[in-house]
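Fold and contact review
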Amino acid sequence: MELIIDGKTCKANPGDSILNVARREGIAIPTLCYHEAFGGQGSCRLCTVEVTAGGRSRLVASCTYPVSEGIEVKTSTPAVEKIRRNIIMMLYKRASGSVLMQKLYREYGCSENSLGEKEEERCIVCRLCVLACEKMGTSAISTVMRGIDKRVGTPYDQAATACIGCAACAHICPTGAIEVLDSGNTRTIWNKNFNLINCERCGQPFATREQIDHVSRLSGIEDAELCFCEECRRKKLVGKMQGFSPC
């Protein structure tokens, strides 16, 4: 099927979202809570665009809105920019300690208002970290509380038994809200300390024992094959490829 985005005719597949198509076509739409691994959540709605279909126009979250034949999409209109500016302002007020939110607040030219700022907070509660933890099969963190007090945490803010210290939550966080402290062979995250194991090739600490055991258990791969850091795994693979001689 075909649709038009910012005047450009684009091809789309059934099930595509507007954001999927726009990214394939190199058309920029800002996002915060979107990640390719999880698809659209429609949570932050920064990806709002204007869609016209059947003579009617409306504003939708492009990460969740499925394309249909002949729709016309505008990624930047006065109404769209106003909504994005308001979203950025609200998220900045919630997470004023985030460098990313400070940057976006300035770039979008948000107006000053009397809403209070949380200068120590960096989390916008986009839930990407929760999804990453679920994807790892651990679900050690979740959203807790409600309304303006809603946040991400471990059960009762205690060191979660289920946490394996992989730090996938911190790596995926767009605002740098989750602290991971690696000191020597110790990693501290979510009020829990882990011993880091060293890469068998370069000797650098890179993962927790709990993480290696968890991945080995889920994947069936032997521990010995997992005891290399990402860079050394890449070099090892390149070495194998160089030694590969196709028939």
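The rules behind these values
Residues numbered from 1 in each chain as written. Predicted model: local features only at pLDDT ≥ 70, side-chain atom pairs only at ≥ 80, totals over all residues. Heavy atoms only, no water. Helix = DSSP H or I, 4+ residues; strand = E, 2+ residues; numbered from the N terminus. Contact = heavy atoms within 4.5 Å. Areas by Shrake-Rupley, 256 points an atom, 1.4 Å probe, with all protein chains shown as cover. Lys, Arg positive; Asp, Glu negative; His and termini not counted. Charge placed at Lys NZ, Arg CZ, Asp CG, Glu CD. Pairing = 2+ DSSP bridges. Axes fitted to C-alpha atoms, helices over the stretch in contact; angles between N-to-C directions. Buried < 20%, exposed > 50% of the residue type's maximum accessible area, 1.4 Å probe, protein only. Salt bridge = Lys/Arg side-chain N within 4 Å of Asp/Glu carboxyl O. Expected span 1.5 Å × (residues − 1). Core = buried A, V, L, I, M, F, W, Y, C linked by side-chain atoms within 4.5 Å. Domains from an automatic or database assignment.

The chain is annotated in an unreviewed UniProt entry as 2Fe-2S iron-sulfur cluster domain with dehydrogenase from Syntrophomonas wolfei subsp. wolfei.

A count of helices and strands for the chain gives eight helices and eleven strands. Referenced to the eigenvectors of the C-alpha coordinate spread, the extents of the chain come out at roughly 60 × 60 × 25 Å. Considering only residue pairs separated by 6 or more positions, the chain has 46% of its internal contacts joining residues 24 or more positions apart. Counting every atom, the chain has about 14200 Å² of accessible surface; 51% of that belongs to carbon and sulfur. Taking the 32 positively charged and 28 negatively charged side chains of the chain as two groups, their mean positions are separated by 2 Å.

Moving on, we come to the sheet that holds strand 1 (residues 2-5). The strand order across the open sheet formed by five strands is 2-1-5-3-4, and the pairing between neighbours is mixed. With partners counted over all chains shown, the strands left at the sheet margins are strand 2 (8-11) and strand 4 (56-61), one partner each. Averaged over all neighbouring strand pairs, the angle between strand axes comes to 30°, with direction disregarded. Inspection of the sheet shows strand 1 paired to strand 2 by four bridges, in the antiparallel sense. From the neighbouring strand, Glu2 faces strand 2, where its bridge partner is Lys11. In the packing of helix 2 (residues 78-94) onto the sheet, the strands contacted are strand 3 (48-53), strand 4 and strand 5 (72-74), and the crossing angle to strand 3 comes to about 150°.

A word on the side chain of Arg94. Relative to the elements of secondary structure, Arg94 occurs in helix 2. Although Arg94 is buried, it makes no salt bridge; Glu121 carries the closest opposite charge, 5.2 Å away.

Okay, the environment of Ala79 next. Within the fold, Ala79 resides in helix 2. Through-space distance from the C-alpha of Ala79 to that of Leu59 is 8.4 Å; in sequence the pair is 20 residues apart.

A few words on the sheet that holds strand 9 (residues 186-189). As summarised here, the arrangement of the four strands in space is 8-9-10-11, forming an open sheet in which the pairing is antiparallel. On the outer flanks of this sheet lie strand 8 (181-183) and strand 11 (205-208), each paired with one strand and no other. On average, each strand axis in the sheet is inclined to that of its neighbour by 35°, with strand direction left out of account. Here three bridges tie strand 8 to strand 9, and the two strands are oriented antiparallel to one another. Counted as the bridge partner of Asp182 is Arg187 from strand 9. Its contacts with the sheet put helix 6 (residues 209-219) on strand 9, strand 10 (192-198) and strand 11, and the angle it makes with strand 11 is roughly 60°.

Along the polypeptide, Leu196 turns up in strand 10. For Leu196, a relative accessible area of 6% translates into the label buried. Distance from Leu196 to Ser183, taken between C-alpha atoms, is 9.4 Å for residues 13 residues apart in sequence. In contact with Leu196, other than residues within four places in its own chain, are Asp182, Gly184, Asn185, Thr186, Arg187, Pro205, Phe206, Ala207 and Thr208.

Moving on to helix 2. Between its first and last C-alpha, helix 2 extends 24 Å over 17 residues, near the 24 Å set by a 1.5 Å rise per residue. Turning to helix 2, its buried residues are Val80, Arg84, Ile87, Ile88, Met89, Leu91, Tyr92, Lys93 and Arg94. Where the residues of helix 2 are buried, they touch strand 3, strand 4, strand 5, helix 3 (99-107) and strand 7 (151-153).

A few words now on the nonpolar core. As a rule of thumb, soluble globular proteins bury nonpolar side chains together. Membership of the largest hydrophobic core comes to 23 residues, with the highest contact counts inside it found for Leu32, Leu46, Ile88, Met101 and Ile124. Where this core is concerned, the elements lending two or more residues are helix 2, helix 3, helix 4 (128-135) and helix 5 (168-172). Looking at this core element by element, the count peaks at five residues for helix 2. Each of domain 1 (1-126) and domain 2 (128-242) accounts for three or more of the residues forming this core. If you look at the next biggest cluster of nonpolar residues, it comprises 21 residues, including Ile5, Ile27, Ile29 and Val51.

Okay, the pattern of salt bridges next. Under the criterion given, the structure shown has 14 salt bridges. The partner of Lys103 in a salt bridge is Glu107, and the shortest N-O contact between them spans 2.8 Å. Of this pair, Lys103 and Glu107 both sit in helix 3, four residues apart, roughly one helical turn. The closest approach of N and O atoms between Arg209 and Asp223, which form a salt bridge, is 3.0 Å. With Arg209 in helix 6 and Asp223 in helix 7 (residues 223-226), this residue pair connects regions lying 14 residues apart in the sequence. For Arg209, a relative accessible area of 33% corresponds to the partly exposed category. One connected set of salt bridges, linked through shared partners, spans Arg209, Asp213 and Asp223.

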